[in-house]
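Here is what each chain is made of, one letter per residue.
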Amino acid sequence: MSAGTRPRRISTAPTAPGSEPTPAPPTPEPAPVRPREKRPFLLDFFPLETADQTRLSPFFDHLRAGKLTTTRCRKDHSVHWPPRTACPQCHAEELDWVDLPDTGTIYAFSAVLGGAPLGMEDEVPFAVGLVDLEGGSLRLFGRIEGRPWTELRIGQAVRVEPYDVGDGRFFYRFRVVE
Ligand SMILES: [Zn+2]
């Protein structure tokens, strides 16, 4: 199954230049146009990303620009993961976006050998794991690319890699550093 199904378009035949306009035939009630294939929410592996869908849209805008970021509280300076719209410590909504390190090391990993999420069936087997970002303050979960899962090791160096999901959305994953 393709992850990036294009929107269906209804095309209208162009009118030839100079031709008399002819009365339009009675048209049946137009079928509703679906903008794109929409997966059931619980089967959609990736979050909704645009500003009208989430207040965390800057996170995805930053990913698109190649940067992994998260939120930091202006009052108590706590750094959150995942990014928040309110500080989990003091509930303040005055948060700043801060850059995160783009390198880290594998803390733990596993392989998906079957039962992959919708749209990822063709990518099995693939590795997922926990990565300690450089500096050690945050541990992130994600896909690990670049080596077969049988060649991954605890402590291996990885870098953060923003990538195009294929339907206009961006997400991050990790790639083993050569
Ligand atoms: Zn706070």
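See the structure shown above.
A short tour of the structure in this document, coming up. (Residues numbered from 1 in each chain as written. Predicted model: local features only at pLDDT ≥ 70, side-chain atom pairs only at ≥ 80, totals over all residues. Heavy atoms only, no water.)

1. Some points on the packing of aromatic side chains
- All told, the structure shown has six aromatic pairs when counted by the stated rule.
- Consider the rings of Phe59 and Trp81, whose centres lie 5.8 Å apart with planes at 65°: the pair is edge-to-face. Placement of Phe59 in helix H1 (residues 57-64) and of Trp81 in the loop between strand E1 (69-73) and strand E2 (95-99) is noted, with a sequence separation of 22 residues between them.
- Residue classification places Phe59 among the buried residues on the basis of a relative accessible area of 5%.
- Accessibility expressed as a relative area gives 21% for Trp81, which makes it partly exposed. (Phe/Tyr/Trp six-rings, centres within 6.5 Å; stacked < 30°, edge-to-face > 60°. Helix = DSSP H or I, 4+ residues; strand = E, 2+ residues; numbered from the N terminus. Buried < 20%, exposed > 50% of the residue type's maximum accessible area, 1.4 Å probe, protein only.)

2. Describing the pairing of strand E4 (residues 126-133)
- Counting buried positions along E4 gives seven out of eight residues, so the element sits mostly inside the fold.
- As paired elements, strand E3 (residues 103-112) and E4 share eight bridges and run antiparallel to each other. Of the residues in E4, the one forming a bridge with Ala108 is Leu130.
- Sheet analysis places E4 next to strand E5 (residues 139-145), joined by six bridges and oriented antiparallel. (Pairing = 2+ DSSP bridges.)

3. Concerning the pattern of salt bridges
- Per the stated rule, a full pass over the model turns up twelve salt bridges.
- The partner of Glu145 in a salt bridge is Arg143, with the nearest N and O atoms 2.8 Å apart. Summarising the burial analysis for this pair, Glu145 and Arg143 share the class buried.
- The network of salt bridges with common partners includes Arg159, Glu161, Arg173 and Arg175. (Salt bridge = Lys/Arg side-chain N within 4 Å of Asp/Glu carboxyl O.)

4. Overview of the nonpolar core
- In this structure, Leu68, Leu133, Ile144, Tyr172 and Phe174 are the most contacted members of the largest nonpolar core, which totals 28 residues.
- The set of elements that each furnish at least two residues to this core consists of H1, E3, E4, E5, strand E6 (157-164) and strand E7 (170-176).
- In contact with Phe174, not counting residues within four places along its chain, are Val131, Leu133, Leu140, Phe141, Gly142, Arg143, Ile144, Glu145, Val158, Arg159 and Val160. (Core = buried A, V, L, I, M, F, W, Y, C linked by side-chain atoms within 4.5 Å. Contact = heavy atoms within 4.5 Å.)

5. Structural notes on the coordination of the zinc ion
- Protein coordination of the zinc ion is provided by Cys73 (SG), Asp76 (OD), Cys87 (SG) and Cys90 (SG), with donor distances spanning 2.3 Å.
- Note that the zinc ion binds four donor atoms; their angles at the metal cover 98 to 123°, and the shape is tetrahedral.
- In primary sequence terms, the donor set of the zinc ion follows C-x2-D-x10-C-x2-C. With Asp76 in the loop between E1 and E2 and Cys90 in the loop between E1 and E2, this pair connects stretches of sequence that are 14 residues apart.
- For Asp76, a relative accessible area of 32% gives the class partly exposed. (Donors = N, O, S within 2.8 Å, 3.2 Å for Na, K, Ca; no water. Tetrahedral: all angles 85-135°; square planar, octahedral: opposite > 155°, others 65-115°.)

All we've got here are geometric facts, nothing functional implied.
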